[in-house]
Amino acid sequence: MKHLNVERIRLDFPILSQAVNGKPVVFLDSAASSQKPIHVLEAMERFYRSTYANVHRGVYTFSERGTELYDQARAKIAHFIGAPRPETIVFTRNATEALNLVAYSYARTFLQAGDEIVITELEHHANFVPWLTLAKERGLTLKFIPLTAEGTLDLSKLDEVISPKTRLVSFAQVSNVLGTITNPQPIVARARAVGAKVVVDGSQAVPHMPVNVQEMDCDFYAFSGHKMLGPTGIGVLYGKYELLDAMPPFLTGGDMIAGVTFEGATWNEVPLKFEAGTPAFVEAIGLGAAVDYLSALGMEAVRAHEREITAYALERMSEVAGARIFGPTDPAVRGGVLTFALNGIHPHDLATLLDREGIAIRAGHHCAQPLHIRLGINATARASFYVYTEPREIDALIERIYKARKVLRK
Ligand code: 7TS
């Protein structure tokens, strides 16, 4: 593992040096939420201890300094994903809220009965249910880009699924279940050809690989801070400025207005128009620190490390008799998740037995039930990796799977 100095990195994550159930912790659930380095914890604590005050309100030193740090965090995040300017970054609670913002504000305003929305069969519920709900409410048609047998998007169907009636196309850049990495280019090109807007769910991409929203030329891009070493409660919606400017607010109240009278209100400028109420500014500062940490590692190196560890995990899991692995087998098009099912062992039983050994994996449908319907299985087990994952943790997983088999006599 030459791309990252994982041994050194692990020292930044005190949680990883603990024992769980008397065993060294093996944390293999970073796709659900990552652990946090001391840099992030300290940035937030430092702010609480030394400078805390609400942003955008006071003219006194603490408030001004807080506002400055909040703005700096926005600028750092804009730079990190190649956004043209900080104003195109809207802070939300998480990716779910970011996607709902697009559905409620953009799509509700600009789409009409009979229009089509295209998503894919592999979406997380966060990029599925808002469109399903809106489609039902507004008489829109929801269509799906299908999967190939390998679990990649079947792009040969693009011209058929994305039609002149399509007004919006939304897809995950990386699947949280199959790990499938989708090249956005052919989808963006087809959407452009029919004049549809493009939304990308980057929740499993931004933490793990270089992302450039301008090169991608998407209209909106959503992700969560907590999956990329940042705190919970902070997410991001990138949007093209002209679109954000033309959209009505999502939530209303304090901070998002320019002025209010007894008769009406006018809206603040983008992005503040979309940030009603006291924002999660300490969390934004924490996310800024996470971005600094990832930038120092280098996102190319992060991706290279995960590609290698995923290749190793695929190789080790393929040795396990009766293990069914989901998703592409080529690590070049696969992010750091390994979803599998074992003959005769329910994923929840496996996860419980592994927990006794200090190993954390996720079991269930991973908030992608329609995908599981497509795969013809109710639940799967998932191990997911990040900058701190070591090959010995994969070995521990495989070894304990054998042990679990013995315990369950399967
Ligand atoms: N989109 C994708 C692709 C995701 O993986 C997730 C969370 C979300 C959206 C929603 O993120 P949130 O921060 O708004 O909740 N995925 C997972 C998971 O795979 N296990 O737990 C959460």
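Residues numbered from 1 in each chain as written. Predicted model: local features only at pLDDT ≥ 70, side-chain atom pairs only at ≥ 80, totals over all residues. Heavy atoms only, no water.

(A) Here's a closer look at the pattern of salt bridges. If you walk through the whole model with that rule in mind, you get 28 salt bridges. As a salt-bridge pair, Asp-12 and Arg-8 come within 3.4 Å of each other at their nearest N and O atoms. Of the residues examined, Asp-12 reaches a relative accessible area of 8% and is grouped as buried. In this structure, the salt-bridge partner of Glu-137 is Arg-108, at a minimum N-O distance of 3.0 Å. Of this pair, Glu-137 sits in helix 5 (residues 129–138) while Arg-108 sits in helix 4 (residues 95–110); the two residues are 29 residues apart in sequence, bridging distant segments of the chain. Look at Arg-108 and you get partly exposed, because its relative accessible area is 24%. (Salt bridge = Lys/Arg side-chain N within 4 Å of Asp/Glu carboxyl O. Buried < 20%, exposed > 50% of the residue type's maximum accessible area, 1.4 Å probe, protein only. Helix = DSSP H or I, 4+ residues; strand = E, 2+ residues; numbered from the N terminus.)

(B) Structural detail: the environment of Leu-243. Secondary-structure assignment places Leu-243 in helix 9 (residues 241–246). As for Leu-243 and Phe-223, which are separated by 20 residues in sequence, their C-alpha atoms are 18 Å apart. In contact with Leu-243, other than residues within four places in its own chain, are Tyr-106, Lys-197, Asp-219 and Phe-220. (Contact = heavy atoms within 4.5 Å.)

(C) Spotlight on the site of the ligand. Taken together, 16 residues sit near the ligand, with Thr-96, Asp-201, Ser-224, Lys-227 and Arg-362 positioned nearest. Asn-176 is positioned with one of its side-chain polar atoms (N or O) 2.8 Å from an oxygen atom of the ligand. A distance of 2.6 Å is found between an oxygen atom of the ligand and a side-chain nitrogen or oxygen belonging to Arg-382. In isolation the ligand exposes 490 Å². Once the protein is present, 90% of that is buried. (Near = heavy atom within 4 Å. Polar contact = N/O pair within 3.5 Å; in protein donor to acceptor, adjacent residues only side chain to side chain. Areas by Shrake-Rupley, 256 points an atom, 1.4 Å probe, with all protein chains shown as cover.)

(D) View of the sheet that holds strand 17 (residues 380–384). Within the open sheet, the 4 strands sit side by side as 13-14-17-16. Their pairing is antiparallel. Looking along the sheet, the strands with just one partner apiece sit at the ends: strand 13 (323–326) and strand 16 (362–364). Mean inter-strand twist for the sheet, computed between neighbouring axes without regard to direction, equals 30°. Of the strand pairs in this sheet, strand 13 and strand 14 (residues 337–342) are connected by 4 bridges, and their pairing is antiparallel. What sits directly across from Ile-325, in strand 14, is Phe-340. Where helix 12 (residues 347–356) meets the sheet, its contacts fall on strand 14, strand 16 and strand 17, and the angle it forms with strand 16 comes to roughly 160°. (Pairing = 2+ DSSP bridges. Axes fitted to C-alpha atoms, helices over the stretch in contact; angles between N-to-C directions.)

(E) The sheet that holds strand 4 (residues 89–92), seen in detail. Here we have 7 strands laid out as an open sheet, ordered 4-10-9-8-7-5-6, and mixed in their pairing. Strands at the two margins of the open sheet, each flanked by one partner only, are strand 4 and strand 6 (141–145). Neighbour-to-neighbour, the strand axes of this sheet turn through a mean angle of 20°, independent of strand direction. Direction of pairing for strand 8 (residues 197–201) relative to strand 9 (residues 220–224): parallel, over a ladder of 3 bridges. Across the sheet, residue Asp-201 finds its bridge partner in strand 9, namely Ala-222.

(F) Structural view of the nonpolar core. By size, the foremost hydrophobic cluster in this structure holds 79 residues, and its most contacted members are Ile-81, Val-211, Tyr-221, Met-228, Leu-229, Val-387 and Tyr-388. No other element matches the 10 residues that helix 10 (residues 281–297) contributes to this core. Counting the residues that make up this core, at least three belong to each of domain 1 (6–32 + 298–408) and domain 2 (41–295). The residues contacting Val-211, other than those within four sequence positions of it, are Phe-80, Ile-81, Gly-82, Gln-173, Ala-205, Val-206, Met-216 and Tyr-221. Of all hydrophobic cores here, the second largest spans 28 residues; its members include Ile-119, Ala-126, Leu-140 and Phe-220. (Core = buried A, V, L, I, M, F, W, Y, C linked by side-chain atoms within 4.5 Å. Domains from an automatic or database assignment.)

(G) Quick peek at helix 4. The end-to-end C-alpha distance of helix 4, which contains 16 residues, comes to 21 Å, matching closely the 22 Å that a straight helix rising 1.5 Å per residue would cover. For helix 4, the full list of buried residues reads Ala-95, Glu-97, Ala-98, Leu-99, Asn-100, Leu-101, Val-102, Ala-103, Ser-105, Tyr-106 and Ala-107. Two or three places before Thr-96, at the start of helix 4, stands the capping residue Asn-94, its side-chain oxygen 3.3 Å from that residue's backbone nitrogen. (Expected span 1.5 Å × (residues − 1).)

(H) Molecular detail of empty space enclosed by the protein. Summed over all chains, the structure comprises 2 cavities of 30 Å³ or more. Estimates place the volume of the largest cavity at around 60 Å³. The wall of the largest cavity is formed by Ala-31, Val-174, Ser-175, Gln-204, His-208, Glu-306, Gly-335, Gly-336, Val-337, Ser-384 and Phe-385. Residue composition of the lining of the largest cavity, by class: 4 nonpolar, 6 polar and 1 charged. Counting residues domain by domain, the lining of the largest cavity receives three or more from each of domain 1 (6–32 + 298–408) and domain 2 (41–295). Estimated volume of the second largest cavity: approximately 40 Å³. Tyr-104, Arg-108, Pro-130, Thr-133, Leu-134 and Glu-137 together form the lining of the second largest cavity. Counting residues per element, the ones that place at least two in the lining of the second largest cavity are helix 4 and helix 5. Here the lining of the second largest cavity gets 4 residues from one element, more than from any other, and that element is helix 5. Residue classes in the lining of the second largest cavity are distributed as 3 nonpolar, 1 polar and 2 charged. (1 Å grid on protein atoms, 1.4 Å probe; cavity = no way out; pocket = protein on both sides within 12 Å on 5 of 7 lines; lining within 4 Å. Points joined across faces, edges and corners; volume = space filled by probe spheres on them. Nonpolar A, V, L, I, M, F, W, Y, C, P; charged D, E, K, R; others polar.)

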